[in-house]
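Structural overview for review
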Amino acid sequence: MANALLIDYEYCTGCHACEVSCKKEKNLARGQWGIKILTDGPRELPDDKWEFNNIPMPTSLCDLCAERLESGKDPSCVHNCPANCMQFGTVEEMSKEVAKKGNRVIFVPVV
Amino acid sequence: MAKALMIDYEYCTGCHTCEVACRKSLGLDSGQFGIHILKDGPRQIEGTKKWELNYLPVPTSLCDLCAERSEKGMDASCAHHCPTHCLVVGNVEDLAIEVGKKANRALFVPLA
Amino acid sequence: MAEKDYFAEHRGQFQWEDGDYTVTRTTVWSGPGCHDGCGVLYYTKDGKLEKVEGDPDCAYNQGTLCMRCLEMPEVVNNPRRPSKPLKRAGERGEDKWDEITWDEAYDIIEAKVREIWRDYAPESIACMIGTGRANCWQIPYMCYSAFGSPNFCLGFLSGESCFQPRSAAMASMSGDFFIADCSQQFESRYDEENTEWRCPELIINWGCNAVESNSDNFYGGWIVDCMQRGSKMITVDPSLTWLASRSEIWLRLRPGTDGALAMAMLNVMIKEDIYDHDFVEKWCYGFDELAERVKEWTPARAAEICWVDEADIVAAARMYAGAKNAAMQWGLPIDQAVMGIPTAQALNALWALTGNIDNPGGNIVIRNAFDQNVSYNYGYNNLPAEVQAKRIGAEYPLMSKAGFSSTAHSDSILQAIETGKPYPIRMLWLTSTNPIANMASDAPRVYRALKTLDFVVVNDLFLTPTAVAFADLFLPAAMSPERDMQRVWWVPLRGMKKVCQYGECKSDDTIVTEIGKRLHPENFPWNNDQEWTDNILRTETPGYDGGYHELVERDIWVYPGFQYYKHEKGLLRADGQPGFSTPSGRIELWNTVFSLWGYDPLPDWAEPSNSPYSSPELYEKYPFVLTTGARHIEFFHSEHRQPELTSRELYPDPCFEMSPKSAADLDIKEGDWCWLENHRGRCRQKLRINPTLDDRVVRADHGWWFPEKDAAEPSLYGVFDSNINNLLPQCENGVTGYGAPYKNQLCKVYKCTEENSKEMPSICVSTKDGYSKAMDESNGDVKVGAIYNG
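These numbers come from a predicted model, not from an experiment.

Thoughts on the overall build of chain A
Secondary structure summary: chain A contains four helices and five strands in total. Helices and strands appear in chain A in the N-to-C order β-α-β-β-α-α-β-α-β. The globule rule puts the C-alpha radius of gyration for 111 residues at 13 Å, and the 14 Å found for chain A is close to it. Projected onto the principal axes, the alpha-carbon positions of chain A cover approximately 50 × 35 × 20 Å. Out of the 111 residues belonging to chain A, those deemed buried represent 51%.

Structure (structure tokens):
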């Protein structure tokens, strides 16, 4: 059963905490990322609202913090997110969570 | 039962088809998107010869998972037209099983 | 509960009603479009095309489409389209026109042609088209059968360097054409149960970014379909394309060194004895000679030439040789080098040495569906032999005596226009080609030459820079959804149904028929497009039993049978014997046809004339290796530049690429407009930093013009301002006449400032007769420093 990373991108502020905590956890060099924030917008919408979403996307360097998991911890990104907008669990568990509200995504970076 | 959009981003080539198909289907103006391709990379992975390059189509607040097309018995326009078949729209329950079968997949729930 | 399935409900239907729409099932072909022929559903309302959807029942694209078909209604309904024939009112370049009737236009054309027949000769008329589109037999047919001239070719595409070098190599070495096997010849795609197809273990993308280019009737998505079924990849490209990012090995070669890399891979396979002995012994001719030739092409030597790691070259050769089956998808960089043909020979040899010849998942022998071979040669035999012999370029044996191509040699036609030798060109007909924006290298030189012509007809979808600069008559062309026709390009046989009409636009077929009936009615026994389609299907398509209605309205696409290992079964040769359609009956690694005509029978490679090694004094002034014309999905060559189109929104400006370090060294930043310049000319494009490039390599866009700018001279829609062809030469070809160095040049780069942008290329070219005028007698190229020769 694979694990998944859930992001509620309604609440991701693009603060880089996940990116930096990941780099530190995995000791990545400058210019390298285990999770990378992609941004859509800001783009003005027809109804005077704005589209502006940040979506942290795990990269090929992400192993869902296997080492941390073994010691009973969450992945570093999930642990440190100031907006509490990330969750971690099995695909089954996260699939239930992701359906509970709009603007959520789950990633399966590794199986 | 919520519907979801599953993306196998190992195979998204960033070709804009989903963006344009969606825009045409929803009748959106130039500059508007119901799905928008974001990009990570290209970035050489340190110490290797490999490069990180991923495109990720992201549904926007204008996406309704093609409710009208669905009623007619058609697929969502993005999924229908994607040249690499990397987009699938379906029930969360069904796609939840699919998304776990392979790495580099994402499952979006744009609306509850 | 049975779920509704819209497409299942309409399966087998050619046309149906959907609310206010009529939906028509058919296929597409440029213009506008591309090389492919995707299955589409056209949604029309009151005769107007409103939307386009991919047809899931069409095995070619399986319901999918790229953005250009999806935006088709924007192009078809674009008010910039001329809707009536236009006669030039002022001087050429003033963009002054009078609308006239078709009859008036035809009267003028007919009178001119008869005048040329009377006072000169039919061969003084030349006809040209763009690449791979829905006029590639119609315009040749008009040239030969209406005008009586043998001079047909592509729009000043130097060295006929669009697939023809590759096809001449394939035809002479192996007697047939080969394509990468992604099951596209079977209607039941990727079906390992009911067909003999097997997924390629390895796909080699050699100078071809199929997911963007979709070239040569090959849908890029098929590569990804095979990836999803397990294919691994090797990619040969100066830049990290998306395909390269997912390849096991990416060979980042120096532009123009493909032949050296291929020779080294042959060297490794032979030296390590990992080639397919069985295939070579049974089916190849000249192996020993090839082995001798590639002995000196060690991977170490190629590594230095190609700027690629030696270990990667060896690994790639081993991976290719070791794969159970491997398909190579190749592209234009092979043609667009002076060494085009020898490079193609080397690549053909790789397929043969690995035994990937007509095997499942390899490079398969493909012929046109139902034996329809109507193409550039259509109607050529309406010309008497003595007229055929006058074709400009006939002195190149491969092009004439060996019969590999019926096209004239466009560089030689340019020289005929310039010098009057072997005879003057009096009239030029251009359909769906925009040479000074796209195909014509040394665009300023071609501009000067075309200005001297007596009479020019331009027949196109929009008024282009070419039309404004030269046309005495402009004929507005129908677009893809406005045409009734059929198409064969390999497989399948496809129908195309007209679903809408724009103004008074006429299809290429109609124009050719109407002119033909005035000049040589005996060659035009049909009265309209449907009848011509019917004629081709019934008289030129022996394997298909049907005409226009059966194909276009009933079948829509038809797949012939396909067999693998045709050479074993006696299915290739005219005498029915096993083997290939070559003099020896084998794949000629040592090419007897070439030997017969005095060309090197073996593959080889030499430096491009403008390179760091062959022209060090030029390299010192122009320190980047320049490659041009990488494809973008938003455009097909110079199509789709209209500013209101989605294509322009997603790709607004011409871009060139260099590495981050090289940009930093020049103090230029992402988005800066910069001049790209060499001794021939310059143009400006916007910098996009590409972290994957070698620091010494620059990539530039092609095909740019700006419909939003002034049409009239000196602007000509800004066609020279961002035209990389200002930096490229004409008349530098391989010894066979094929091949030209579009993709392997030198340049320097510097940031645009107000001061150095005072004289824009458009001003320089159209008012000052500028660029590339001082010729170097020794090599026919321009003298260094000839730029700005006002």
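From this point, the discussion proceeds with the structure in view.
Considerations on empty space enclosed by the protein
Residue and element names in this part refer to chain C. Within this structure, the stated rule accounts for 14 cavities of 30 Å³ or more. Estimated volume of the largest cavity: approximately 250 Å³. As for the largest cavity, its lining consists of 22 residues, and the residues nearest its centre are Arg133, Asn434, Asp460, Ser638 and Glu639. Residues belonging to the lining of the largest cavity are distributed by class as follows: eight nonpolar, 11 polar and three charged. When residues of the lining of the largest cavity are assigned to domains, at least three fall in each of domain 2 (86–161 + 386–491 + 505–557) and domain 4 (616–789).

Examining the interface of chain C and chain B
Counting residues at the interface gives 42 residues for chain C, matched by 34 residues for chain B. At the boundary of chain C and chain B, one finds six salt bridges. A salt bridge links Glu74 of chain C to Lys24 of chain B, with the shortest nitrogen-to-oxygen separation between them at 2.3 Å. Remark: the boundary between chain C and chain B carries 22 residue pairs in polar contact (both at pLDDT 80 or more). Of the residues that constitute the side of chain C that touches chain B, the class distribution is 19 nonpolar, 11 polar and 12 charged.

A look at the pairing of strand β16 (residues 427–431) of chain C
Remark: a regular strand shows side chains that alternate across the two faces of the sheet. Residue and element names in this part refer to chain C. Among the five residues that make up β16, five are buried, leaving the element largely enclosed by the rest of the structure. Neither face of β16 is open: one carries Met427, Trp429 and Thr431, the other Leu428 and Leu430, and all of them are buried. Pairing of strand β7 (residues 125–129) with β16 involves five bridges; the strand directions are parallel. Counterpart to Ile125 in the pairing with β16 is Met427. When β16 meets strand β17 (residues 455–460), the two strands line up parallel, connected through five bridges. Its bridge partner lying in β17, Met427 is registered against Phe455. For the crossover that starts at β16, traverses helix α18 (residues 443–450) and ends in the parallel β17, the hand is right-handed.

Criteria and cut-off values
- Residues numbered from 1 in each chain as written.
- Chains lettered and ligands numbered in written order.
- Predicted model: local features only at pLDDT ≥ 70, side-chain atom pairs only at ≥ 80, totals over all residues.
- Heavy atoms only, no water.
- Helix = DSSP H or I, 4+ residues; strand = E, 2+ residues; numbered from the N terminus.
- Rg over C-alpha atoms; globule rule 2.2 N^0.38 Å.
- Buried < 20%, exposed > 50% of the residue type's maximum accessible area, 1.4 Å probe, protein only.
- 1 Å grid on protein atoms, 1.4 Å probe; cavity = no way out; pocket = protein on both sides within 12 Å on 5 of 7 lines; lining within 4 Å.
- Points joined across faces, edges and corners; volume = space filled by probe spheres on them.
- Nonpolar A, V, L, I, M, F, W, Y, C, P; charged D, E, K, R; others polar.
- Domains from an automatic or database assignment.
- Contact = heavy atoms within 4.5 Å.
- Salt bridge = Lys/Arg side-chain N within 4 Å of Asp/Glu carboxyl O.
- Polar contact = N/O pair within 3.5 Å; in protein donor to acceptor, adjacent residues only side chain to side chain.
- Pairing = 2+ DSSP bridges.
- Right-handed = clockwise from strand over helix to strand, strands pointing away.

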